[in-house]
Amino acid sequence: MATMKMRTNLRLLPAMLALLAGSAAFAQGEKATQPQDPDQKAAAAMEEIKQARPVATWSDAEMQAAAEALAGSWKTTSPIKPSGDSGESVEVVLNIAPVVIDGLPNALYAELALAGSANRPYRQAFMQLHRFEGGLRLRTLELRRERGFMGSLVGLWAAPHAMPPIAMDDLVGTLDLAMTKSGSNWSGKTPYPYPTATGGAAQMTSEMSFGGGKLSVADRGFGADGSQVWGPEKGKSYEFSKVESPVKVTEMKGDVVVIEFSDKVEGPTANEGDTITCHYVGYLEDGKVFDSSYDRGVPFSYQQGQPLIEGWNLAMADAKKGVARRLVIPGPMAYGERGRRPVIGPNATLIFDIEVLDVQPAAK
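Residue positions are given per chain, counted from 1 along the sequence in the order it is written. Owing to the predicted nature of the model, reporting of local features is limited to residues with pLDDT of at least 70; listing and counting of side-chain atom pairs is limited to 80 or more, with chain, interface and lining totals taken over all residues. Hydrogen atoms and water are omitted, and side-chain values are computed over all heavy atoms in the structure.

Visitor: Explain the side chain of D176 to me, please; I cannot follow it from the model alone.
Guide: Helix and strand assignments come from DSSP, with helices taken as H or I runs of at least 4 residues and strands as E runs of at least 2, each series counted from the N terminus. Of note, D176 is situated in strand 6 (residues 171-182). Polar contact is the term for a pair of N or O atoms within 3.5 Å; when the atoms are in protein, one must be able to donate a hydrogen and the other to accept it, and sequence-neighboring residues count only if both atoms are side-chain atoms. Side chain to side chain, D176 and H130 meet in a polar contact 3.0 Å long. In what follows, residue pairs with any heavy atoms lying within 4.5 Å of each other are defined as contacts. Look past the residues within four positions of D176 in its chain and what remains in contact with it is H130, R137, L138, R139, K189, T190, P191 and Y194.

Visitor: For this particular structure, what's the right way to read helix 5 (residues 61-70)?
Guide: Listed in full, the buried residues belonging to helix 5 are M63, A66, A67, A69 and L70. Down the axis of helix 5, the smallest arc covering the buried residues is 165°, so these residues share one side. Of the exposed residues in helix 5, the ones pointing more than 90 degrees away from its buried face are A61 and E68. N-cap assignment for helix 5: the residue whose side-chain oxygen lies 3.1 Å from the backbone N of E62 is D60. Exposed residues in this analysis have more than 50% of their type's maximum accessible area, buried residues have under 20%, and partly exposed residues fall in between, with area computed by a 1.4 Å probe over protein chains only. Here, the arc refers to the directions that run from the helix axis to the C-beta atoms.

Visitor: Even after reading the chapter, I still don't get the pattern of salt bridges, so can you show me in this structure?
Guide: Charged atoms that come close allow side chains of opposite charge to pair. Definition used for salt bridges: Asp or Glu carboxyl oxygen within 4 Å of a side-chain nitrogen of Lys or Arg. Applying the stated criterion across every chain, the model contains 14 salt bridges. Among the salt bridges present, the one from R220 reaches E207, with a minimum N-O distance of 3.5 Å. One end of the pair, R220, is in strand 10 (residues 214-222); the other, E207, is in strand 9 (residues 203-211), and 13 residues separate them in sequence. Given the relative accessible area of 6%, R220 is considered buried. With relative accessibility at 35%, the residue E207 sits in the partly exposed group. Here D318 ties to R325 by a salt bridge, and the two come within 2.9 Å at their closest N and O atoms. Since its relative accessible area comes to 40%, D318 is described here as partly exposed. Classification of R325 as buried rests on a relative accessible area of 4%. Each of D60, E62 and R131 takes part in a single network of salt bridges with overlapping partners.

Visitor: Looking at this structure, I do not really get the nonpolar core. What am I missing?
Guide: Most often, soluble globular proteins have nonpolar side chains that are buried together. Note on terminology: a nonpolar core comprises buried Ala, Val, Leu, Ile, Met, Phe, Trp, Tyr and Cys residues joined through side-chain atoms within 4.5 Å. Grouped together as the largest cluster of nonpolar side chains are 33 residues, with contacts concentrated most on L129 and F210. Ranked by residues supplied to this core, first place goes to helix 5 with 5 residues. When near neighbours in sequence (up to four residues on either side) are disregarded, L129 contacts W58, M63, A66, A67, P105, N106, L108, L136, R137 and L138.

Visitor: I'm lost on the packing of aromatic side chains in this one. Help?
Guide: We call Phe, Tyr and Trp rings a pair once their centres come within 6.5 Å, taking the six-membered ring for Trp, and we label the pair stacked below 30 degrees between planes, edge-to-face above 60, and tilted otherwise. Under the definition given, this model contains 11 aromatic pairs. Relative to F210, the ring of W186 lies with its centre 5.8 Å away and its plane at 15°, an arrangement referred to as stacked. Taken as a pair, W186 in strand 7 (residues 185-189) and F210 in strand 9 lie far apart in primary sequence, 24 residues in all. According to the relative accessible area criterion, F210 is buried, its value standing at 4%. One aromatic cluster in this structure is built from Y280, F290, F300, Y302, W312 and F352.

Visitor: How do you make sense of the side chain of T349 when you look at a structure like this?
Guide: Among the structural elements, T349 can be located in the loop between strand 18 (324-329) and strand 19 (350-360). Not counting the four nearest positions on each side in its chain, T349 is found in contact with Y283, L284, E285, V328, I329, P330 and G331.

Visitor: I'm lost on the pairing of strand 4 (residues 123-132) in this one. Help?
Guide: Both faces of the sheet carry side chains from a regular strand, because those side chains alternate between them. Along strand 4, 7 of the 10 residues are buried, which leaves the element largely enclosed by surrounding structure. Strands qualify as paired when DSSP identifies two bridges or more between them. In terms of strand pairing, strand 3 (residues 104-114) meets strand 4 through 6 bridges, oriented antiparallel. Directly across from A110, in strand 4, lies its bridge partner A125. Summarising the sheet, strand 4 and strand 5 (residues 135-143) pair through 7 bridges and their orientation is antiparallel. Among the inter-strand pairings, Q128 is bridged to a residue of strand 5, identified as R139.

Okay, here's the thing in C-alpha cells:
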C-alpha cells in the first residue's frame, strides 16, 4: 500500500519539479558531453538562425506602407471609458506587429492591454490587408479559442519570429474596413453593420484612421431597436499616439528569447546560492498550460545556480525582485529530444511567464 501511494504521489508531482531538468540526468546526459561553443561560433550560429527566419512580405507597395504606418506601440492620449458613460477611466496600450501566418498573407498581430500591464492583455486579434474589388480592405480576425485568447502568444508582437505556428484554420474573420488613403494617412469604416452578441448589442460598426503617429478607433454596438448600447458617441473616437515599445527584447544563446515587461525591479541581482521565489506559468506552443504555480497557489522557490532547464538558467541569470518577463525556450534548450512525456514532446518549445517575488541572500 505504501509503495502504491508513493507511485501515485510521484505521478502527481507537478511539472514544476521537472524544471530541475532531471538535475543530475541533465547535467550528466547529452548536454554535458557537448563542449560550450566559443563566443564567435555562438554569434555566427545566432546570425544563421536569424537569416533563416521567415520575414513578413506584402502584396503591393500600398499594403506595405499601410502596415508600416499601423505597426508599433500606441497609447491612448487621455484616459477612456471603455464601457461608454459608465465604468472607470483607463489608459490603454495597443501593440501591433507584422507576422507570418500560414494561409494568411499581409498579416499583423495586435494586443490591447491596460497601460503598465502589457504582460496581461485583455484582447488579442489579427489583421489582414487585402483587396476587394480593387480597393484596400483591413480585415480583423479572432482566434478560435475560448474568449478568443491564446496565452502562448502574449507579448510576441515584440518578437514575432518567436510566435508559435498559427494557421488560417485557427482564425475566424470578424469584419472588414474599407480603407482610403489621403497623403500618408489611411481611414476606413465597415461598409455595413456586422452581427454581434457582444455587450447586449445585435449589430456593430467600426471605424479606424491612422498615419503620422496618430491612430483613432471607434467601435459601436447597437441594440435590436437601433439604439447605441456601447462605444464612443457619434462623432467621437478613442485616440492613440505612437509611443516607445513598453517592453525590452533580448535574444540569447540557443535562440532563447527574453521579453522584459517590468522596469520596477529592486534590490541586487541574485548571486549563486541566493533563493529566488517566483510565480510562473508554463505554456506549450499550442497554448496549453502544462504547469502553473498560480494554479497551485504556491510560489516556486529555487537557489540561483540550481540546475533547471538550460534556457531558464540562462534567461534568469540576472534575476531581481520585481522582474516580470516571458521566456521562449526552444526544445534543445529545454528537454531536447527526450521531452517530458506525456505532456512535453520531443524538442518542444516551452514558453514561460515569470514574476520574481523575492530574492533572499544565501545563508552564510
